[in-house]
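Fold and geometry: a report
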Amino acid sequence: MQPDSEDSDSDAELTASSDDEQAQVPTTPSKKRKIRSPDDDHVGPIIVQAAFDAYFTHTAARPQTSTSVFSAIIPPLSSQEYAEATKDMSDKNMQSILLTDNKVRNTLFTQILRQVNEGFNVLCYGYGSKRSLLNQFAIERCSKHGHVVVVNGFQASFNIKDMFMSLESLPGYRDEASTGSSIESQSKAVAEFFSESQKRHLYLIIHNIDSPSLRTPKVKACLETLAAAARIHIIASVDHVSAPLIWSSRERFSWLWHDLTTLAPYDVELAHADRSSISGAQPTSRKQRADGPQAAANISETAASHILASVNQNALKLFALIARKQLEAVEDAGASASNDMQPYAIEYEMLFKLTREQFIATTDTSLRQLLGEFRDHSLIVSAQGSSGPEKLWIPLRKERLTNVLNGLPSTT
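**Let's talk about the overall build of the protein**
Looking only at helices and strands, the protein has 18 helices and eight strands in total. Of all 412 residues assigned to the protein, the portion counted as buried reaches 34%. When contacts within the protein are restricted to residue pairs at least 6 apart in sequence, long-range pairs at least 24 apart make up 72% of them.

**With respect to the packing of aromatic side chains**
As enumerated under the stated definition, the model contains eight aromatic pairs in all. Residues Phe 193 and Phe 194 carry aromatic rings whose centres are separated by 5.0 Å and whose planes lie at 85° to one another, so their mutual orientation is edge-to-face. With 5.8 Å between their ring centres and 40° between their planes, Phe 319 and Phe 374 make a pair best called tilted. Of this pair, Phe 319 sits in helix 15 (residues 313–333) while Phe 374 is found in helix 17 (residues 364–376), placing the two residues 55 residues apart along the sequence. Just as Phe 319 is buried, Phe 374 falls in that class too.

**Things to note about the pattern of salt bridges**
By the definition in use, this model includes six salt bridges. When the shortest N-O distance is used, the salt bridge between Arg 368 and Asp 364 registers 3.4 Å. Here Arg 368 pairs with Asp 364, and both are found in helix 17, just four residues apart, close to one helical turn. Residue classification places Arg 368 among the partly exposed positions, given a relative accessible area of 33%. One connected set of salt bridges, linked through shared partners, spans Asp 364, Arg 368, Arg 375 and Glu 390.

**A look at unusual backbone geometry**
Not every positive phi belongs to a glycine, and Asn 208 is a case in point at roughly 60°. Within the fold, Asn 208 resides in the loop between strand 3 (201–207) and helix 11 (217–227). The exposure class assigned to Asn 208 is buried, which follows from its relative accessible area of 11%. With phi around 60°, Ser 378 is a residue other than glycine that occupies positive phi space.

**Brief notes about the side chain of Gln 326**
By the element assignment, Gln 326 lies in helix 15. A distance of 2.8 Å separates a polar atom in the side chain of Gln 326 from the backbone nitrogen of Ile 394. Those residues in contact with Gln 326 that sit more than four places away from it in its chain are Met 341, Tyr 344, Trp 393, Ile 394, Leu 396 and Leu 401.

**Re helix 14 (residues 301–308)**
Within helix 14, burial applies to Ala 303, Ala 304, His 306, Ile 307 and Leu 308. Residues of helix 14 that are buried in the fold lie against helix 2 (51–60), helix 15, helix 17 and helix 18 (398–406).

**Some points on the sheet that holds strand 7 (residues 381–384)**
The strand order across the open sheet built from three strands is 6-8-7, with neighbouring strands paired in antiparallel fashion. Looking at strand neighbours, the two that pair on one side only are strand 6 (346–347) and strand 7, the edges of this open sheet. Judged from the four bridges that link them, strand 7 and strand 8 (residues 390–393) form a sheet pairing that is antiparallel. Across the sheet, residue Gln 384 finds its bridge partner in strand 8, namely Glu 390.

**Digging into helix 16 (residues 348–357)**
Among all positions of helix 16, only Tyr 348, Leu 351, Phe 352, Leu 354 and Thr 355 are buried. Buried residues in helix 16, looked at end-on, bunch into an arc of 165°, giving them a common side. Lining the buried residues of helix 16 we find helix 15, strand 6, helix 17 and strand 8. With its phi angle positive at about 60°, Phe 359 sits one or two positions after the end of helix 16.

**Some points on the side chain of His 147**
Structurally, His 147 is set in strand 2 (residues 146–152). Beyond its immediate sequence surroundings of up to four residues, His 147 is in contact with Leu 170, Pro 171, Phe 194, Arg 200, His 201, Leu 202 and Tyr 203.

**Some words on the sheet that holds strand 5 (residues 255–259)**
Strand order in the open sheet made by the five strands is 2-3-4-1-5, with parallel pairing throughout. Looking along the sheet, the strands with just one partner apiece sit at the ends: strand 2 and strand 5. On average, adjacent strands in this sheet sit at an angle of 20° to one another, irrespective of strand direction. Packing against the sheet, helix 7 (residues 131–140) makes contact with strand 1 (121–125), strand 2, strand 3 and strand 4 (232–237), and its axis sits at approximately 170° to strand 3.

**Regarding the pairing of strand 8**
Consecutive side chains of a regular strand alternate in pointing toward one face of the sheet and then the other. Here two bridges tie strand 6 to strand 8, and the two strands are oriented antiparallel to one another. What sits directly across from Glu 347, in strand 8, is Lys 391.

**What to know about the environment of Ala 303**
Looking at the secondary structure, you find Ala 303 in helix 14. Through-space distance from the C-alpha of Ala 303 to that of Tyr 55 is 7.2 Å; in sequence the pair is 248 residues apart.

**Remarks on the environment of Ile 380**
Inspection of the secondary structure puts Ile 380 in the loop between helix 17 and strand 7. Given the relative accessible area of 1%, Ile 380 is considered buried. Separated by 12 residues in sequence, Ile 380 and Leu 392 place their C-alpha atoms 6.7 Å apart. If near-sequence neighbours (up to four positions away) are discounted, Ile 380 is found in contact with Phe 319, Ile 322, Leu 371, Phe 374, Arg 375, Leu 392, Trp 393, Ile 394 and Pro 395.

**Points about the packing of helix 2 against helix 14**
When two helices pack together, you describe them by how their axes are tilted relative to each other and by the distance separating the axes. Interaxial distance between helix 2 and helix 14 falls to 10 Å at its minimum, and their mutual angle equals 95°. Taken together, the axes of helix 2 and helix 14 are roughly perpendicular relative to one another. For the pair helix 2 and helix 14, contact is made by Ala 51, Phe 52, Tyr 55 and Phe 56 and by Ala 303, His 306 and Ile 307, respectively.

Conventions used here
- All residue numbers here refer to positions counted from 1 along the written sequence of the relevant chain.
- Reporting of local features is limited, given that this is a predicted model, to residues whose pLDDT is at least 70; pairs of side-chain atoms are given and counted only at 80 or more, and all residues count toward the totals for whole chains, interfaces and linings.
- To get the side-chain values, take all heavy atoms of the structure and skip hydrogens and water.
- Helix numbers and strand numbers start at the N terminus; a helix is a DSSP run of H or I with at least 4 residues, a strand a run of E with at least 2.
- Using a 1.4 Å probe on the protein chains alone, a residue whose accessible area is under 20% of its type maximum counts as buried, one over 50% counts as exposed, and one in between counts as partly exposed.
- Note on contacts: a residue pair is in contact if any heavy atoms of the two residues lie within 4.5 Å.
- To pair, rings of Phe, Tyr and Trp, with the six-membered ring standing in for Trp, must have centres within 6.5 Å; the planes then decide the type, stacked if under 30 degrees apart, edge-to-face if over 60, and tilted in the middle.
- Every case where a carboxyl oxygen of Asp or Glu lies within 4 Å of a side-chain nitrogen of Lys or Arg is listed as a salt bridge.
- Within 3.5 Å is the distance limit for a polar contact, defined as a pair of N or O atoms, with the added protein rule that one can donate a hydrogen and the other accept it, and that residues adjacent in sequence qualify only through two side-chain atoms.
- By the convention used here, strands pair only if DSSP detects at least 2 bridges between them.
- When we speak of the arc, we mean the arc of directions from the helix axis to the C-beta atoms.
- Axes here refer to lines fitted to C-alpha atoms; in helices the fit is confined to the stretch in contact. Angles between the N-to-C directions go from 0 to 180 degrees.
- Should an angle fall under 35 degrees it is called roughly parallel, over 145 degrees roughly antiparallel, and 65 to 115 degrees roughly perpendicular, with every other angle called oblique.

In structure tokens, the structure reads:
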């Protein structure tokens, strides 16, 4: 029985010693949780982007757009579906009294003819196509008192030179009038020809004078020259919501406004558009519109300075060259200059000639490489017509462009 007691005593001693060893092992102190102070929210980051870096970071980010667009949910109509949907839409009860009542229409025609012969010009507004009504006015009234030229401004391919070509075909015009190549000289020659008292009157029937091809400053100046002639009369239609702003009554046209609401469909005016598509009235796709000249209209002086600070010396000289030529064109326009810089653009061939003379870019490839940096940031935009040359301009107003140009190094 004694060995057993000895074994139990030894086991008790081992257990006590092991407990002591465990008590002597150092432990890692517990980390106290830091109490958040309200002032920590006002502490900014250690590294802050400069304005230069922040601009390029912002412009490099892709815009977040939704893919659930209405045109993707609703499929466009086919040509057959559109024809079937519109064939029963003609209702005589929805036609204007100008189309159904001959007495009312003749009274209006007499009033308009008397007004234009007294020196006024007429703008016709109202919902519905006014093309057939104005053509009827030209045939029944205007053709009995003088020459008539009809201008289809709603056509996408229309050019102001087409109107002057029609004017040159009038009897006796080519034999007496001397015309130049520019539309300014042609408009002056037409106005002088019809200013003589023995000449017959000229009636210009302009459909959609508010179209983009007819509301540029240069074209408006030519039409104003024609309207100043005593024997030239303009009867035009408008459908743009901002037509009163585009054709102000303070101009020398002496406009009189007539309500010609016909409720007639715009079949001829929209013949060039795909009416079965939701966006068919637009001549270009959405991507082209987003990358077009209007996409760069909101560029600021600060953004332009950041872009110019990141390009090389030849690119700076190229920008300065375009800016000076654009400002010269604006100065030549005088009081008629507008904030839209596209009319003062420089042709690409002329720019290439100047860059070779000044040793900025000697090849077409090098010039387009220099232009590429500015085009990527929409600092220089370009446009090219169906048959005209490519033109480039800087989408900054005269005052902003002058400030940016003055901020460039003197070596440019």
